[in-house]
Amino acid sequence: MQLKQRFNGLPEREQKLLIFAGLTLLVFLFYVLVWQPLDASIAQQQTRLTSQQSLLTELRANANKIVQLRQSGASTPQRFSGSLTQLANQTATQNSISIARMQPRGEQLQVWVEQAEFNALLNWLRQLEERGVAIADLDIAETSQAGMVKVRSLTLGNK
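Everything numeric here is computed off the predicted structure, so don't read it as measured data.

Caption draft 1: A look at the confidence of the model for the protein chain. Per-residue confidence for the protein chain gives a mean pLDDT of 89; residues scoring 70 or more make up 94%. Of all helices and strands in the protein chain, the one with the weakest mean pLDDT is strand S3 (residues 133–142) (90), whereas strand S2 (residues 108–117) scores best (93).

As structure tokens, this is what we get:
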């Protein structure tokens, strides 16, 4: 009440100035607290969507290549000699892939890769298949860098 009385006691010109300042403050707060965060979030989501769409396009293009190669029967698998661990290490090194962890599980080998270029990963997997290694399970995820993926889980075995 005291604030209202003080406001009413001010000259009309100062009352209008205070009302204008209050409205300006409300508009500023709306912009800073609502509009700007929403705008930034929308821009971030659009960037993320573009990145996801380009990854999807790349995955589809490479999936078609793999299907074509399998249908053409271009290469007959060569059986490898030695251990599956050695072959995985050797071929990963040839494709500039750094294996984070390997764990043998009976006749199979579980492999984890922290970060690898997507095309290099595909080449590595193709090379393993050409050597007679079966890919039993593969779980990959996108990383924050474009064109790079993380292999959450890869299970290799003999064909």
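Caption draft 2: Spatial organisation of the pattern of salt bridges. For the structure shown, the criterion picks out three salt bridges. Across the pair Lys16 and Glu12 runs a salt bridge, and its minimum N-O distance is 3.3 Å. Separated by four residues within a single helix, Lys16 and Glu12 lie in helix H2 (residues 12–72), roughly one turn from each other. Just as Lys16 is exposed, Glu12 falls in that class too. Taking the shortest distance from any N to any O, the salt bridge between Arg126 and Glu130 comes out at 2.9 Å. Here Arg126 pairs with Glu130, and both are found in helix H4 (residues 118–130), just four residues apart, close to one helical turn. Given the relative accessible area of 29%, Glu130 is considered partly exposed.

Caption draft 3: How the structure looks around unusual backbone geometry. Unlike most non-glycine residues, Ser96 shows phi in positive territory, near 55°. The residue Ser96 is located in the loop between helix H3 (84–94) and strand S1 (101–105) in this model.

Caption draft 4: Broad picture of the nonpolar core. One finds Ile97, Val111, Val113, Trp124 and Leu156 to be the most contacted residues of the largest nonpolar core, which totals 22 residues. Mapped onto this core, the elements with two or more residues apiece are H3, S2, H4 and strand S4 (148–158). At seven residues, H4 tops the list of elements feeding residues into this core. Excluding anything up to four places from it in sequence, Trp124 contacts Ala88, Thr91, Ala92, Asn95, Ile97, Ile99, Val111, Val113 and Leu154.

Caption draft 5: Fine view of the packing of H3 against H4. Two elements in contact, H3 and H4, have axes whose closest approach is 9 Å; the angle formed by their N-to-C orientations is 140°. Overall, the two elements H3 and H4 adopt an arrangement that is oblique. The two elements H3 and H4 cross, and the hand of that crossing is right-handed. The residues of H4 that touch H3, namely those facing Leu87, Ala88, Thr91, Ala92 and Gln94, are Trp124, Gln127 and Leu128. Within the contact of H3 with H4, the residues separate by chemical class into five nonpolar, three polar and no charged.

Caption draft 6: A look at the sheet that holds S1. Pairing in this open sheet of four strands is antiparallel, and the strands run S1-S2-S4-S3 from one edge to the other. A single partner strand is all that each edge strand has here, and the edge strands are S1 and S3. Shown here is a sheet whose adjacent strand axes are inclined to one another by a mean of 20°, direction ignored. The strands touched by H3 are S1, S2, S3 and S4; relative to S2, the strand with the most contacts, the crossing angle is about 10°.

Caption draft 7: Representation of the environment of Leu3 in the model. Among the structural elements, Leu3 can be located in helix H1 (residues 2–9). Remark: the alpha-carbon pair of Leu3 and Leu156, spanning 153 residues in sequence, is separated by 76 Å.

Caption draft 8: Quick peek at the side chain of Gln15. Structurally, the position occupied by Gln15 is in helix H2. What makes Gln15 buried here is its relative accessible area of 17%. Setting aside its immediate chain neighbours within four residues, Gln15 contacts Phe7, Asn8 and Leu10.

Calculation notes
Residues numbered from 1 in each chain as written. Predicted model: local features only at pLDDT ≥ 70, side-chain atom pairs only at ≥ 80, totals over all residues. Heavy atoms only, no water. pLDDT = per-residue confidence, 0-100. Helix = DSSP H or I, 4+ residues; strand = E, 2+ residues; numbered from the N terminus. Salt bridge = Lys/Arg side-chain N within 4 Å of Asp/Glu carboxyl O. Buried < 20%, exposed > 50% of the residue type's maximum accessible area, 1.4 Å probe, protein only. Core = buried A, V, L, I, M, F, W, Y, C linked by side-chain atoms within 4.5 Å. Contact = heavy atoms within 4.5 Å. Axes fitted to C-alpha atoms, helices over the stretch in contact; angles between N-to-C directions. Parallel < 35°, antiparallel > 145°, perpendicular 65-115°, else oblique. Left-handed = near helix turned anticlockwise from the far one by under 90°. Nonpolar A, V, L, I, M, F, W, Y, C, P; charged D, E, K, R; others polar. Pairing = 2+ DSSP bridges.

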